[in-house]
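Residues per chain are reported as follows:
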Amino acid sequence: MTLEGTQLELIDERTLMAPVDFYPNFLSPQEADWLFEASQQLDWQQNQIRMLGKWLDVPRLEAIYGDEGCDYLYSKTVLLQPSPWADPLQWLREKIEDHTGYRYHIVIGNRYRNGKDSIGWHADKEPTMGEKPAIASISLGATCRFSIKPKGSRGETQHFELEHGSLIFMRPGCQSTHVHQVSKTAKPLGERINWTFRPHVKGARR
Ligand SMILES: O=C(O)CCC(=O)C(=O)O
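In this report, we go over the structure that sits alongside the text. This structure is a prediction, so every number in the text was calculated from the model and none was measured.

1. Structural notes on helix 2 (residues 29–40)
Each α-helix winds once per 3.6 residues, and so residues spaced three or four apart point in a common direction. Spanning 12 residues, helix 2 covers 17 Å between terminal C-alpha atoms, matching the ideal 16 Å at 1.5 Å per step. Every buried residue of helix 2 is accounted for by A32, L35, F36, A38 and S39.

Have a look at this one:
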């Protein structure tokens, strides 16, 4: 049996949709304001990454909180060592766990100071997260454009406008099939803080 063109298109559209769930109003405006202000007081670092034989500043500030011993190494050169959970992040962790039904052991923060800060196309595939991690990502502050596309050349890029208080949930398997980014923009853009909640193989059992 052969499939007609329209049937094939339908199948492609369905299978290539990014495996994410988007909740624009996950936090109330009051919760989002409180978390944004509390996040600004936390411990932010300017890390360096080794690329093409050079050490370069990561184009954003970073932070990590989490269970003891849950170190996180990415791009083979940037080692993040978690501080114990800060109260506002522990509150957010429990809210996200209740909502998504998954457990998270670390949270990595990205602080984009303006439109020149960014994160390039990547998938989060570090083995310390285990196989097929669920990743929950919270946005605070300025709205940014989050883009996601299938790996390889097939399928379209999808864009989400991540507003203050929104949650985008990347389902298990998403990191194997898709890459994502937040690109630079020439438009004037205020500060934005993003928290990605992730599992870790050394996480505390709760
Ligand atoms: O800032 C964002 O929304 C994306 C962050 C991200 O892609 C990551 O931490 O891996």
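Having seen it, we continue.
2. Quick notes on the sheet that holds strand 11 (residues 158–162)
Reading across the sheet, the four strands line up as 8-13-10-11 and stay open at both edges, with antiparallel pairing between neighbours. The sheet is open, and its two borders are formed by strand 8 (119–122) and strand 11, each paired with just one other strand. Strand-to-strand twist in this sheet, taken as the mean axis angle between neighbours without regard to direction, amounts to 15°. In this sheet, strand 11 lies alongside strand 10 (residues 144–150) in antiparallel orientation, the contact comprising five bridges.

3. With respect to the sheet that holds strand 12 (residues 167–170)
The six strands are arranged 1-12-9-14-7-4 in an open sheet whose pairing can be described as antiparallel. The sheet is open, and its two edges are formed by strand 1 (20–23) and strand 4 (61–66), each paired on a single side. When strand polarity is set aside, the average angle formed by the axes of neighbouring strands in this sheet is 15°. Relative to strand 14 (residues 192–198), strand 7 (residues 106–112) runs antiparallel, the two being bridged by seven bridges. Of the residues in strand 14, the one forming a bridge with V107 is F197. Strand contacts of helix 2: strand 7, strand 9 (135–141) and strand 14, with the helix running at about 90° to strand 9, the strand carrying the most contacts.

Quick notes on the rules
- Residues numbered from 1 in each chain as written.
- Predicted model: local features only at pLDDT ≥ 70, side-chain atom pairs only at ≥ 80, totals over all residues.
- Heavy atoms only, no water.
- Helix = DSSP H or I, 4+ residues; strand = E, 2+ residues; numbered from the N terminus.
- Expected span 1.5 Å × (residues − 1).
- Buried < 20%, exposed > 50% of the residue type's maximum accessible area, 1.4 Å probe, protein only.
- Pairing = 2+ DSSP bridges.
- Axes fitted to C-alpha atoms, helices over the stretch in contact; angles between N-to-C directions.
- Contact = heavy atoms within 4.5 Å.

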